[in-house]
Amino acid sequence: MFADETFHRRLVFVTTVMLLITGILLARLMSFQFRMDPIVKEQLEAQAANRYSRTVEVYPNRGQIYDRNGNLLAVNSFEYRIGISPNQVVNRAETARLLAPLLDLPEDEIYRKLQPGVDGKLSTYVLLKPVVGFEAGQAIMDLDLPGMVIEALPTRIYPQGELTAQLVGIFRDSDASKTRRGYWGVEGFYQSLLAGQSRRVTTSTIPVLEESTETVRGVRDGIDLVLTIDRDLQFLAQDVLNRAVAREQAEGGTILIMNPRTGEILAMANYPMFDPNSLEPENLARARNPAVTDMYEPGSVFKVLTMAMALQAGTHDENWTYNDPGCFNPAGSRICNWDGAAHGNQTFVDVFVHSWNTGTATIFIQMAEQLGGPYAVYEMLKEFGIGSPTGVDLEGEAPGILPEPGDPDWNEAQFLTTSFGQGVAVTPLQMLTAVNAIANDGLIMQPHIVKQRIDGDEVLETRPAAMRRPLSAEVAARARDIMVRIVEDPASLDDYEFPDFKVAGKTGTAQIPIPGGYDPYGAIASFVGFLPADDPVVSVLVKLDRPINYWGSQAAAPVFEELVDRLVVLMEIPNDNVRYQLIAQGGDPFEREY
């Protein structure tokens, strides 16, 4: 009896002590939970978050790019970033064996990444490969291996390949930030619109937890773009250019086709071409679009601006004459005609039909004298956009070069050589845009390459916008007439003719600057023109770099002729006789959209 009471008292005592200790421990634990130092609490929560969750970028669908007829130029696809959570892997050896051929990695390398760290603990995440292709990513998904972390990375497919690559641009990683964005062309210029709005979200690494649909909220898809480019015209321009470069053994070239009435760019072909699916350094060096990024001295095609400016200023007209000396030495520099010969009395029209350098230089001298100095002439050149970018919606446009009085490299001799396109630099797009003023009744339209922006059900049209009016409509018509005489004169274009259309145009042969002067052997041959001459709906610039035929009339004019012969069929432009008949009958010869 006594022993039982003793045992009972001891049991009560021990139980009481245990309950007391338990109460103290619970109280202590609760004090940690509710009275913890905020800094310590924040650190512990961050460690937990890092161990059991990770932050990823949720990307929107990038806007797609189409030509004016709905042909896809840039479409979305996916690559994948492949990671794994070693703490969730069931069979490390089997996992490494299955992944090795799909990741193109050694099996033992993958196996090592799945082992515990130096602390003996398995990691919650290991990057296996930063980028794999769509097929490999899909194959890894199909394996359904425990612990795989597969992130979709947006990428682009360019269905037209090299044909439109330089004007569309590319979508790739940034070297600095490793984030993906558009570069060059349309992809670069419209990066923010195409990209949409992404969102960073936190996802759990615990496999039993379901991902919430809330993670995709706030992600806004990019805007689709419809370009002014016509894929068929682009193919035509590229085909004609490629064959011309091969025939002339040229180093490169450009063909531009525009609608001078609207400023729409219908085709923009360059050589060498760029492959948007190759990231080789030599190929990436060709990603820029020479039609807007590369400047050159235009040579004699620039003379049509001299002609139009003189007519607009009223300092010269078609009745003006001068005595051509062949060569002369104004401003301390020697200026000669292309043939070096003197031709006696020459008219204003003769200067441009026969492309006399002495004539354009004389016109510039007299314009400066009558208008109060070179400044007035330069102001007129600026009205044509010379020396400033056109503002076209393509990334990487160069501004051109127009040295003016007061600039370190300006002198009076350079002022005179500017009259025939030497000592001044333009891009092909700047040159054609300036000439479009003559084609479009004196009005320069803003060049552009995006026709529509599509945001869901909303379609926003790009409206043609006038930039400047350097010429009156009357002067533009007179300038067009002279450009027609240039094309029709046998001495200007050798044996090339356009029997079904009146074409306005001008050849150019530009020397290439080198250190200490100009290359005596190589030249840039070009031709700029538009048609129908009396009511233009299409303008064209052809440029060949260092062709074996030195002169623009021999190298570039035949390319223009070949292009126009096929272009009028493709664009369904009626010949002059048919057009005049339609007009006489009250019809619209240009009823279709150009």
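The preceding data block contains the structure.
Some details on the overall build of the chain
Consideration 1: Scanning the chain from terminus to terminus reveals 22 helices and 22 strands.
Consideration 2: Across the 594 residues of the chain, 49% fall into the buried class.
Consideration 3: Considering only contacts in the chain between residues 6 or more positions apart, those separated by 24 or more positions represent 71%.
Consideration 4: For the chain, the accessible area works out to roughly 28300 Å², and carbon and sulfur atoms hold 53% of it.

Focus: the packing of aromatic side chains
Consideration 1: The final tally for this structure, using the stated rule, is 12 aromatic pairs.
Consideration 2: A centroid spacing of 6.2 Å and a plane angle of 35 degrees characterise the contact between Tyr80 and Phe134, whose relative ring orientation is tilted. Taken together, the residues span a long stretch of sequence, with Tyr80 in strand β3 (residues 72-84) and Phe134 in helix α5 (residues 134-143) at a distance of 54 residues.
Consideration 3: An aromatic cluster is defined as three or more aromatic residues linked by ring pairs; in this entry it consists of Trp320, Tyr322, Phe348 and Phe352.

So, the layout of surface pockets
Once rolled over the atoms, a probe with the size of a water molecule shows which space is left empty.
Consideration 1: Roughly 760 Å³ of internal volume is contained in the largest pocket.
Consideration 2: Those elements that place two or more of their residues in the lining of the largest pocket are β14 (335-336), α16 (412-418), α19 (490-493), β20 (504-514) and α20 (552-555).
Consideration 3: It is β20 that provides the largest number of residues to the lining of the largest pocket, a total of 6 residues.
Consideration 4: Taken together, the residues of the lining of the largest pocket sort by class into 11 nonpolar, 19 polar and 5 charged.

Topic: the pattern of salt bridges
Consideration 1: On inspection of all chains with the given rule, the structure shows 29 salt bridges.
Consideration 2: In this structure, Arg181 engages Glu395 in a salt bridge whose closest nitrogen and oxygen atoms are separated by 3.4 Å. In this pair, Arg181 sits in strand β7 (residues 180-183) while Glu395 sits in the loop between α15 (374-383) and α16, placing the two residues 214 residues apart along the sequence.
Consideration 3: One salt bridge connects Asp239 with Arg243, and the closest N-O pair in it is separated by 3.4 Å. Residue Asp239 and its partner Arg243 are both found in helix α9 (residues 231-248); the two are separated by 4 residues, about one turn of the helix.
Consideration 4: Here the salt bridges do not stand alone but share partners, grouping Asp239, Arg243, Glu562 and Arg566 into one network.

What to know about a nonpolar patch on the surface
Consideration 1: A cluster of nonpolar side chains, namely Met18, Ile21 and Leu25, defines an oily patch on the protein surface of about 300 Å² accessible area.
Consideration 2: Tracing the chain through its elements places Ile21 in helix α1 (residues 2-34).
Consideration 3: The partly exposed category is assigned to Ile21, whose relative accessible area is 41%.

Section: the sheet that holds strand β11 (residues 264-271)
Consideration 1: Across the sheet, 5 strands lie side by side as β11-β10-β22-β21-β20; this open sheet has antiparallel pairing. Both edges of this open sheet fall to β11 and β20, since each of them pairs with a single strand only. Adjacent strand axes in the sheet meet at a mean angle of 15 degrees, parallel and antiparallel pairs treated alike.
Consideration 2: Strands β10 (252-259), β11 and β22 (538-545) of the sheet are contacted by α9, whose axis makes an angle of about 30 degrees with β11.
Consideration 3: Along the sheet face, helix α17 (residues 428-439) touches β10, β11, β21 (517-531) and β22 and points at about 35 degrees away from the line of β10.

Topic: empty space enclosed by the protein
Consideration 1: Evaluated as defined, the whole model comprises 2 cavities of 30 Å³ or more.
Consideration 2: Computed from the structure, the largest cavity encloses a volume of approximately 60 Å³.
Consideration 3: Considering the residues around the largest cavity, the lining is formed by 13 residues, among which Leu163, Gln166, Gln238, Met268 and Asn270 are closest to the centre.
Consideration 4: Those elements giving two or more residues to the lining of the largest cavity turn out to be α6 (165-168), α9 and β11.
Consideration 5: The element that contributes the greatest number of residues to the lining of the largest cavity is β11, accounting for 3 residues.

Quick notes on the environment of Gln366
Consideration 1: Along the chain, Gln366 turns up in helix α14 (residues 357-371).
Consideration 2: C-alpha separation for the pair Gln366 and Thr315, spaced 51 residues apart in sequence, amounts to 7.6 Å.
Consideration 3: In this structure, Gln366 is in contact with His316 and Trp320, ignoring residues within four places of it in sequence.

Regarding the nonpolar core
Consideration 1: If you look at the biggest cluster of nonpolar residues, it comprises 88 residues, and the most contacted ones within it are Leu227, Ile265, Met307, Phe348, Phe384, Ile386 and Met431.
Consideration 2: Counting residues per element, this core draws most heavily on α17, at 8 residues.
Consideration 3: Beyond its immediate stretch of four places on either side in the chain, Leu227 contacts Ile65, Tyr66, Asp67, Arg68, Leu73, Leu167, Val168, Val186, Ile449, Val450 and Lys451.
Consideration 4: Residues Ala237, Leu266, Val503 and Ala525 belong to the second largest nonpolar core, which totals 37 residues.

A short note on the packing of helix α12 (residues 303-313) against α14
Consideration 1: Two elements in contact, α12 and α14, have axes separated by 11 Å at closest approach and are oriented at 35 degrees. Here the hand of the crossing between α12 and α14 comes out left-handed. Of the residues in α14, those in contact with Lys303, Thr306, Met309, Ala310 and Ala313 of α12 are Asn357, Thr360, Ile363, Phe364, Met367 and Leu371.
Consideration 2: Here the residues of the contact of α12 with α14 are counted per class, giving 7 nonpolar, 3 polar and 1 charged.

A closer look at the packing of α12 against helix α18 (residues 473-488)
Consideration 1: With their axes 10 Å apart at the nearest point, α12 and α18 run at an angle of 140 degrees to one another. As far as their axial angle goes, α18 and α12 are oblique. The interaxial crossing formed by α12 with α18 has right-handed handedness. Taking contact as the criterion, the partners of Val304, Met307, Ala308, Leu311 and Gln312 in α12 are, on α18, Val475, Arg478, Ala479, Ile482 and Met483.
Consideration 2: Class assignment of the residues belonging to the contact of α12 with α18 gives a composition of 8 nonpolar, 1 polar and 1 charged.

Observations regarding unusual backbone geometry
It is generally the case that most residues other than glycine have a negative phi and that most peptide bonds are trans.
Consideration 1: The linkage connecting Tyr271 with the following residue, Pro272, adopts the cis geometry, with an omega of 5 degrees.
Consideration 2: Here Pro272 shows up in the loop between β11 and α10 (281-284).
Consideration 3: Omega for the bond connecting Leu531 with Pro532 falls within 30 degrees of zero, at -15 degrees, which places this linkage in the cis form.
Consideration 4: With respect to the helices and strands, Pro532 occurs in the loop between β21 and β22.
Consideration 5: The phi torsion at Gln249 lies on the positive side, around 50 degrees, for a residue other than glycine.
Consideration 6: Along the chain, the position of Gln249 falls in the loop between α9 and β10.
Consideration 7: Positive phi outside glycine occurs at Asp441, with the angle close to 55 degrees.
Consideration 8: Structurally, the position occupied by Asp441 is in the loop between α17 and β16 (444-445).

Here is what the cut-offs are and how they apply
- Residues numbered from 1 in each chain as written.
- Predicted model: local features only at pLDDT ≥ 70, side-chain atom pairs only at ≥ 80, totals over all residues.
- Heavy atoms only, no water.
- Helix = DSSP H or I, 4+ residues; strand = E, 2+ residues; numbered from the N terminus.
- Buried < 20%, exposed > 50% of the residue type's maximum accessible area, 1.4 Å probe, protein only.
- Contact = heavy atoms within 4.5 Å.
- Areas by Shrake-Rupley, 256 points an atom, 1.4 Å probe, with all protein chains shown as cover.
- Phe/Tyr/Trp six-rings, centres within 6.5 Å; stacked < 30°, edge-to-face > 60°.
- 1 Å grid on protein atoms, 1.4 Å probe; cavity = no way out; pocket = protein on both sides within 12 Å on 5 of 7 lines; lining within 4 Å.
- Points joined across faces, edges and corners; volume = space filled by probe spheres on them.
- Nonpolar A, V, L, I, M, F, W, Y, C, P; charged D, E, K, R; others polar.
- Salt bridge = Lys/Arg side-chain N within 4 Å of Asp/Glu carboxyl O.
- Patch = residues over 30% accessible without salt bridge, like charges linked within 9 Å, V, L, I, M, F, W, Y side chains within 5 Å.
- Pairing = 2+ DSSP bridges.
- Axes fitted to C-alpha atoms, helices over the stretch in contact; angles between N-to-C directions.
- Core = buried A, V, L, I, M, F, W, Y, C linked by side-chain atoms within 4.5 Å.
- Left-handed = near helix turned anticlockwise from the far one by under 90°.
- Parallel < 35°, antiparallel > 145°, perpendicular 65-115°, else oblique.

So yeah, pure geometry; function would need other evidence.
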